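Structural overview
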Amino acid sequence: MPKKILVTGASGFIGSHTCVELLAAGFEVVAVDNLCNSAPEALLRVERIAGKSISFHQIDVRDRAAMTAVLAEHAIDAVIHFAGLKAVGESVAQPLMYIDNNVSGTVALLEVLAAAHVKRFLFSSSATVYGDPETLPILETSRLSVTNPYGRSKLMVEQILADLVHADAQWQVGVLRYFNPVGAHASGLIGEDPGGIPNNLMPFIAQVAVGRRDKLSVFGNDYPTPDGTGVRDYIHVADLALGHVAALNRLFSCEGGFTVNLGTGRGYSVLDIVRAFEAASGRAVPYQIVPRRPGDIASCYASAEQARELLGWTAQKNIDDMCADHWRWQHQNPQGYAA
Ligand code: NAD
Ligand code: WQD
């Protein structure tokens, strides 16, 4: 019998790519999403790529009755919880919305899962829980410190999960701290489709390259980095998706939980990414240097050792693959899923 995985936030950027890899690995997918930041088209395309179907439920994870009904309908073996809000600036302006969705939403989900005796759980955390790191690369044991309500919501959920595991050893929880996910499925059929002005670097660059925006604003060139611009650990979303398959397999084969970084272990600057994207797309990406973005840090990249040791997983794709695949998606879908 194939194992059934409940995926919340399934039609979002990382969720949709993970569904592709789950189906390819032989899992069945039960998808939940309220579509507050994604399009129904995404999961239709996932089904097309995989040649398999998904049971989709348009539900808010905070809706306990609806989630209970989903769990009554499907015998779920494990859960991957992507659903949540992720815009740092928005979280500063609307902290209660982030607590309600990301923290209360997760608590509601955990309560419903506990009642249904579904206690294998992977959580989408973020490198944001490390704040401004004291040392690089960042180890899972590095100091935790958050600088905004979004980051706080992730750290709060990590702490709630630790308390839950402490209280009830039946819970098997994997906390996955993603670094900077970019790229798209190699088919160009699914990818990141931000509404409005992109907050993140790669989607902004892609929209400049495709002609939707005039130029990139580079937020500061006076950081203590090789070229003065911010350095991050960009990870291909397909590698990240495979990290979830590896993490699930560990949950199914071992007792107990884990907390791992999902990154490549390598950092690239903003200008490195501009150059790599220009090479991959054959388009110019004009930019101007502007002042630093408040709250940004100089450098952030993972130690990827723990993921290799515990999950047997390492990222395979390089920065040229990330840019080429991101460009293919952007070029084939200049207006995202809307068209
Ligand atoms: P996304 O916005 O593309 O996907 C999140 C999905 O969750 C969306 O489809 C949205 O409609 C859905 N959703 C939100 N609130 C919901 C709710 N209450 N009930 C049901 N569905 C809900 O974001 P993503 O980039 O795919 O991120 C997925 C997860 O990974 C998030 O938890 C995010 O915080 C985390 N994360 C993302 C990044 C990143 O840079 N993309 C980095 C680290 C961690
Ligand atoms: C990358 C670099 C910017 C946009 C954020 C969240 C983090 C995580 C991933 C969810 C930085 C520079 C960016 C632009 C620029 N998300 N930049 N011009 O800030 O590392 O992380 O997304 O968990 O929590 O904080 O990613 O893509 O926004 O920025 O110069 O228009 O690009 O200053 O150096 P960041 P990013």
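Residues numbered from 1 in each chain as written. Chains lettered and ligands numbered in written order. Predicted model: local features only at pLDDT ≥ 70, side-chain atom pairs only at ≥ 80, totals over all residues. Heavy atoms only, no water.

Side note on the UniProt feature "domain: NAD(P)-binding" (unreviewed entry) in the protein
Per the UniProt record, the feature "domain: NAD(P)-binding" (unreviewed entry) sits at residues 6-325. Its end C-alpha atoms 27 Å apart, residues 6-325 is made of 41% helix and 18% strand. (UniProt positions renumbered as here; feature names shortened; annotations may be inferred. Helix = DSSP H or I, 4+ residues; strand = E, 2+ residues; numbered from the N terminus.)

Re the side chain of Lys154
With respect to the helices and strands, the residue Lys154 is situated in helix α6 (residues 149-167). No salt bridge is formed by the buried Lys154; its nearest oppositely charged neighbour, Glu158, is found at 8.6 Å. Leaving out residues up to four positions away in the same chain, Lys154 has contacts with Phe123, Ser124, Ser125, Ser126 and Val129. (Buried < 20%, exposed > 50% of the residue type's maximum accessible area, 1.4 Å probe, protein only. Lys, Arg positive; Asp, Glu negative; His and termini not counted. Salt bridge = Lys/Arg side-chain N within 4 Å of Asp/Glu carboxyl O. Contact = heavy atoms within 4.5 Å.)

Re the sheet that holds strand β4 (residues 78-81)
Across a sheet, strands are paired by hydrogen bonds formed along the backbone, either parallel or antiparallel in direction. Taken in spatial order, the seven strands of this open sheet run β3-β2-β1-β4-β5-β6-β11, and their pairing is parallel. The sheet terminates laterally at β3 (55-58) and β11 (258-262), the two strands that pair on one side only. Along the sheet, successive strands turn relative to each other by an average axial angle of 20°, direction set aside. Of the pairings in the sheet, the one linking strand β1 (residues 4-8) to β4 comprises four bridges and is parallel in character. (Pairing = 2+ DSSP bridges. Axes fitted to C-alpha atoms, helices over the stretch in contact; angles between N-to-C directions.)

Focus: the site of ligand 2
Not every one of the 18 residues close to ligand 2 is listed here, only the nearest: Ser126, Tyr150, Ser217, Arg232 and Asp296. The contact in question runs from an oxygen atom of ligand 2 to an N or O atom on the side chain of Asn180, over 3.0 Å. The separation between an oxygen atom of ligand 2 and a polar main-chain atom of Asn199 is 3.4 Å. Protein contact buries 87% of the 680 Å² of open area that ligand 2 shows by itself. The dominant element in the shell around ligand 2, judged by the number of residues it contributes, is strand β8 (residues 216-219), at four residues. Per-class residue counts for the shell around ligand 2 are eight nonpolar, seven polar and three charged. (Near = heavy atom within 4 Å. Polar contact = N/O pair within 3.5 Å; in protein donor to acceptor, adjacent residues only side chain to side chain. Areas by Shrake-Rupley, 256 points an atom, 1.4 Å probe, with all protein chains shown as cover. Nonpolar A, V, L, I, M, F, W, Y, C, P; charged D, E, K, R; others polar.)

Side note on the nonpolar core
Judged by nonpolar contacts, the single largest core of 40 residues is most densely connected at Leu22 and Leu262. Sort the elements by how many residues they give to this core and helix α8 (residues 237-253) lands first, with seven residues. Filtering out sequence-adjacent residues up to four positions away, Leu22 remains in contact with Ile5, Val7, Phe27, Val29, Ile80, Val245 and Leu248. Counting 25 residues, the second-largest nonpolar core is a separate cluster that includes Val30, Ala66, Trp171 and Val173. (Core = buried A, V, L, I, M, F, W, Y, C linked by side-chain atoms within 4.5 Å.)

Side note on the site of ligand 1
Within the structure, ligand 1 sits among 28 residues, and Asp33, Asn37, Ser38, Lys86 and Tyr150 are positioned closest to it. Between ligand 1 and Lys154 there is a distance of 2.9 Å, counted from an oxygen atom to a side-chain nitrogen or oxygen. About the coverage of ligand 1: the protein hides 95% of its 820 Å² of free accessible area. At the level of secondary structure, the elements contributing two or more residues to the shell around ligand 1 comprise α1 (13-24), β5 (120-126) and α6. Looking at which element gives the most residues to the shell around ligand 1, the answer is β5, with three residues. Within the shell around ligand 1, the residues separate by chemical class into 12 nonpolar, 11 polar and five charged.

What about the packing of helix α7 (residues 201-209) against helix α11 (residues 319-332)?
With their axes 10 Å apart at the nearest point, α7 and α11 run at an angle of 55° to one another. Put simply, α7 runs oblique to α11. Both α7 and α11 take part in a crossing whose hand is right-handed. Residue-level contacts link Met202, Pro203, Ala206, Gln207 and Ala209 of α7 to Met322, Cys323, His326, Trp327 and Gln330 of α11. Partitioned by chemical class, the residues of the contact of α7 with α11 number seven nonpolar, three polar and no charged. (Parallel < 35°, antiparallel > 145°, perpendicular 65-115°, else oblique. Left-handed = near helix turned anticlockwise from the far one by under 90°.)

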